[in-house]
Amino acid sequence: ILGFFIISPHEIMLRLSMFFGTLHGIMRHPLVGWGMGSFVSIITRIPSQESFYLGTAFNSGNHIMNHPHNEFLFGWWNLGILFLPLCFLYTRYLLSIFTVRKIISFLIILSGLVVMSIYFFNPPIMFLMMFALAIYENKEEQNADNKSEV
């Protein structure tokens, strides 16, 4: 599992290249986006020599970018500027249901959002986040059951 969290310097440069390449594509259609499901078909058409950012190509003979590795950029790519208000509304909703009693659940979700913005919400991270939420919510349910029995 630890291998999923260790990132080499080359991997960092590759992800930054992906970030700036995706941002460059977003700036071509910032208002309406490219449409759902368009990322792979559009980004894979970019030749290696035109995919260099910060000295690293996001498309090469060894690697073709199939995801920007940033969920916020991915949403903006797909939906355009509409994605930002949707994120704001979702965050506002989370804050509206926040209570001190649910601080752990809230922090687990918040950490997932932070990971989404800097890395990529990959299956191991999603699994760990869901596992943490399940354990915490189960513990809270058991505590409520124990209090009702007393």
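Scroll up for the structure.
Residues numbered from 1 in each chain as written. Predicted model: local features only at pLDDT ≥ 70, side-chain atom pairs only at ≥ 80, totals over all residues. Heavy atoms only, no water.

Points about the overall build of the protein chain
What the protein chain contains, in helices and strands, is 6 helices and 2 strands. Starting at the N terminus and walking to the C terminus, you meet the elements of the protein chain as α-α-β-β-α-α-α-α. Counting over 150 residues, the protein chain shows a buried share of 32%. Nonlocal contacts in the protein chain, meaning residues at least 24 apart in sequence, comprise 71% of its contacts between residues at least 6 apart. In the structure as shown, the protein chain presents an accessible area of about 9900 Å², 70% of it carried by carbon and sulfur atoms. (Helix = DSSP H or I, 4+ residues; strand = E, 2+ residues; numbered from the N terminus. Buried < 20%, exposed > 50% of the residue type's maximum accessible area, 1.4 Å probe, protein only. Contact = heavy atoms within 4.5 Å. Areas by Shrake-Rupley, 256 points an atom, 1.4 Å probe, with all protein chains shown as cover.)

Looking at a nonpolar patch on the surface
On the surface, Phe98, Val100, Ile103, Ile104, Leu107, Leu110 and Val114 cluster together to form a nonpolar patch covering roughly 570 Å² of accessible area. Among the secondary structure elements, Val114 is positioned in helix 5 (residues 103–118). According to the relative accessible area criterion, Val114 is partly exposed, its value standing at 44%. (Patch = residues over 30% accessible without salt bridge, like charges linked within 9 Å, V, L, I, M, F, W, Y side chains within 5 Å. Salt bridge = Lys/Arg side-chain N within 4 Å of Asp/Glu carboxyl O.)

Some details on the environment of Leu110
Along the chain, Leu110 falls in helix 5. With a relative accessible area of 38%, Leu110 lands in the partly exposed category. The spacing of Leu110 and Leu94 is 16 residues in sequence and 9.5 Å in space, taken between C-alpha atoms.

What about the packing of helix 3 (residues 71–79) against helix 4 (residues 83–96)?
Each pair of packed helices can be summarised by the angle the axes make with each other and by the distance between the axes. At a minimum axis separation of 8 Å, helix 3 and helix 4 run at an interaxial angle of 130°. The angle between helix 3 and helix 4 falls in the class oblique. Residues Glu71, Phe72, Gly75, Trp76 and Leu79 of helix 3 pack against Phe83, Leu86 and Cys87 of helix 4. Grouping the amino acids of the contact of helix 3 with helix 4 by side-chain chemistry returns 6 nonpolar, 1 polar and 1 charged. (Axes fitted to C-alpha atoms, helices over the stretch in contact; angles between N-to-C directions. Parallel < 35°, antiparallel > 145°, perpendicular 65-115°, else oblique. Nonpolar A, V, L, I, M, F, W, Y, C, P; charged D, E, K, R; others polar.)

Focus: the packing of aromatic side chains
Counted by the stated rule, this structure contains 5 aromatic pairs. Measuring from ring centre to ring centre gives 4.8 Å for Phe39 and Trp77, while their planes differ by 70°; the resulting arrangement is edge-to-face. With Phe39 in helix 2 (residues 39–43) and Trp77 in helix 3, this residue pair connects regions lying 38 residues apart in the sequence. Residue Phe39 is classed as buried on the basis of its relative accessible area, which comes to 2%. A connected cluster of aromatic rings, assembled from ring pairs, spans Trp34, Phe39, Phe74 and Trp77. (Phe/Tyr/Trp six-rings, centres within 6.5 Å; stacked < 30°, edge-to-face > 60°.)

Side note on helix 1 (residues 9–26)
Between its first and last C-alpha, helix 1 extends 26 Å over 18 residues, near the 26 Å set by a 1.5 Å rise per residue. Buried within helix 1 are the following residues: Leu14, Arg15, Ser17, Met18, Gly21, Thr22, Gly25 and Ile26. Buried positions along helix 1 lie against helix 2, strand 1 (52–53), strand 2 (56–57) and helix 3. (Expected span 1.5 Å × (residues − 1).)

Worth remembering: the numbers are spatial, not functional.
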